[in-house]
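Chain by chain, the residues:
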Amino acid sequence: MLHTSDFDFDLPPELIASHPLEQRDASRMLVVDGENLADKHIRDILDFIQPGDVIVFNNSRVIPARFNASGHEITLHTAVDDKTWWGLCKKFTHIEIDDTLTMDDGTTMTVVDKDDESGLLLRFNCDNVFDVLNKLGKMPLPPYMKREEETEDRERYQTVYAEPLGSMAAPTAGLHFTNELISEIEARGAAVVKVTLHVGAGTWMPVKTENLAEHKMHSEWCCITNEQADIINNAKRVIAVGTTSMRTLESAAIRARESGLNGRVVPICLNTNIFITPGYKFGAVDVLLTNFHLPKSTLFMLVSAFAGLDNMKSAYAHAVAEKYRFFSYGDCCLLFKQKDA
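Here goes a summary of the coordinates provided. (Residues numbered from 1 in each chain as written. Predicted model: local features only at pLDDT ≥ 70, side-chain atom pairs only at ≥ 80, totals over all residues. Heavy atoms only, no water.)

### Details of the overall build of the protein
Quick reminder of the rule: Think of it this way: any DSSP run of H or I at least four residues long counts as a helix, any run of E at least two long counts as a strand, and we number them from the N terminus. Each radius of gyration reported is based on C-alpha atoms, and the globular scaling rule is 2.2 Å times the count of residues to the power 0.38. Buried, partly exposed and exposed residues are distinguished by accessible area as a fraction of the type maximum, computed with a 1.4 Å probe on protein chains only: under 20%, between the cut-offs, and over 50%, respectively.
Helix and strand counts for the protein stand at eight helices and 17 strands. Computed over C-alpha atoms, the radius of gyration of the protein comes to 20 Å, within 12% of the 20 Å expected from 2.2 N^0.38 for 341 residues, which places it in the range of a compact globule. C-alpha atoms of the protein, sized along the principal axes, occupy 55 × 45 × 45 Å. Buried residues in the protein amount to 55% of all 341 residues.

### Thoughts on the side chain of Thr248
What counts, and what does not: Residue contacts are counted whenever heavy atoms from the two residues lie within 4.5 Å of one another.
Looking at where Thr248 falls in the secondary structure, it is placed in helix α6 (residues 243-258). What Thr248 contacts, discounting residues up to four positions off in sequence, is Val195, Thr196, Leu197, Cys222, Cys223, Ile224 and Ile268.

### Considerations on the layout of surface pockets
As a reminder, the rule being used: Using protein atoms alone on a 1 Å grid, points that fit a 1.4 Å probe yet trap it form a cavity, whereas open point sets bounded by protein on both sides within 12 Å along at least five of seven lines form a pocket; residues with an atom within 4 Å of a point count as lining. Grid points are joined across faces, edges and corners, and a volume is the space filled by probe spheres set on the points. Three categories are distinguished: nonpolar for Ala, Val, Leu, Ile, Met, Phe, Trp, Tyr, Cys and Pro, charged for Asp, Glu, Lys and Arg, and polar for the others, with Gly belonging to the last.
A volume near 560 Å³ is recorded for the second largest pocket. Taken together, 26 residues make up the lining of the second largest pocket; nearest its centre are His77, Thr78, Ala79, Val80 and Ser219. Mapped onto the lining of the second largest pocket, the elements with two or more residues apiece are β6 (72-81), β7 (84-89), α1 (129-136), β11 (165-167) and β13 (220-224). Tallying contributions element by element places β6 first for the lining of the second largest pocket, with five residues. The residue makeup of the lining of the second largest pocket, split by class, is nine nonpolar, 11 polar and six charged.

### Observations regarding the pairing of strand β15 (residues 268-272)
Which entries qualify depends on this criterion: At least two bridges found by DSSP between two strands are what make those strands a pair.
Side chains Ile268, Leu270 and Thr272 of β15 all project onto a buried face; the interleaved residues Cys269 and Asn271 project onto a face where none is buried. The pairing of β13 with β15 spans five bridges and is antiparallel. Within β15, the residue paired with Glu220 across the bridge is Thr272.

### Observations regarding unusual backbone geometry
One non-glycine residue, Lys296, adopts positive backbone phi at about 60°. Here Lys296 shows up in the loop between β16 (287-291) and α7 (298-307). Phi at Phe327 takes a positive value of approximately 75°, unusual for a residue other than glycine. Within the element layout of this structure, Phe327 appears in the loop between α8 (309-321) and β17 (332-336).

### Points about the nonpolar core
Rules: We define the nonpolar core as a collection of buried residues of types Ala, Val, Leu, Ile, Met, Phe, Trp, Tyr and Cys that are connected through side-chain atoms lying within 4.5 Å of one another.
In this structure, Phe124, Leu249 and Phe326 are the most contacted members of the largest nonpolar core, which totals 89 residues. For this core, the leading source of residues is α7, giving seven residues. Judged by nonpolar contacts, the second largest core, of 23 residues, contains Ile55, Phe57, Leu181 and Ile182.

### Quick notes on the environment of Lys83
We apply this condition: Each polar contact in these results corresponds to two N or O atoms within 3.5 Å; when the atoms are within protein, one needs to be able to donate a hydrogen and the other to accept it, and residues that are neighboring in sequence are counted only if both atoms are side-chain atoms.
Structurally, Lys83 can be placed in the loop between β6 and β7. Spatially, the C-alpha atom of Lys83 lies 14 Å from that of Ile63, the residues being 20 residues apart in sequence. A distance of 2.9 Å separates a polar side-chain atom of Lys83 from the backbone oxygen of Cys126.

### Describing the packing of α7 against α8
Note the cut-off: Every axis in this analysis is a line fitted to C-alpha atoms, fitted for helices over the stretch in contact. Angles between the N-to-C directions lie between 0 and 180 degrees.
Where α7 meets α8, the axes come as close as 7 Å, and the angle between the chain directions of the two elements is 115°. Facing α7, whose interface residues are Phe300, Val303, Ser304 and Ala307, α8 presents Leu309, Asn311, Met312, Lys313 and Tyr316. In the contact of α7 with α8, the residues fall into six nonpolar, two polar and one charged.

### So, the sheet that holds strand β8 (residues 100-102)
With respect to topology, six strands assemble into an open sheet ordered β5-β6-β7-β10-β9-β8, the strand pairing being antiparallel. Edge strands, defined here as strands with exactly one partner in the open sheet, are β5 (66-69) and β8. Put simply, the sheet's adjacent strands are angled 45° from each other on average, direction ignored. Against the sheet, α1 touches β5, β6, β7 and β10 (119-125), its axis set at about 90° to β5.

Here it is, written out as structure tokens:
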């Protein structure tokens, strides 16, 4: 039985990317096909595209989810409805249910509930939460960047195809793509599908238990339309851009299996808390493009389930030796599914 410590690895802190490269499509790409490794660049992904492939992106847009209210820094992560959100708050022991918190412009919110894992459930007393956040909120950069939001983050911590608002973190594998690169992918005979998963705490919350079975994933809302499901089900191969696209596709694949259907996926619009670890049988995805992830994270567990734990440990050791850039603004890797996954 695998444990959380099995997914640990050494990472020099200087390899953590705190800023994006000047050009989106300048990142390096490590190709991992079983035990075989190849150092490439993101634009080389065109060499791996085949006619009939379907490339699946997550088009969720990051909201400026971090703000101050009554002296507390809060980061929204999951919407309950248009005006009610769960938000993480580092020190909220003195905040009580029914308390009122006030933002810098006078906007107030009521504390509806509180939870050690999810933080505060806040009901905003305003007409439009997003309008307020656009004025006062900051892009929720991950804490490992160890810096505040800068002007360029408003554009660079967002994919070029982002549309529906709702994520508290970027689907970072998509940050490498320009509109031109996407057009070139389509010119190679591949179809592009943009599904939605609003990135919340489920994607990046640390695993605090040694026993993987005891880790509780937060739910995140995702959607695949009827038309998109048809395109995916007729794919020669499905290439997921990012672990959030992967989790959306595999959530739909589980529903397809439960329904007794033969296709890769069925249409879904639901909350998913899928937790993919080694031993999981993939039903939808053949190839995954993803960034380099944190040690002992659910995301490193996911890629290890897909490409093999030993293969991923070797790949990450190579990436460290070759000084690849890690995490949200870092480089990426192209992973091919191991035969038994």
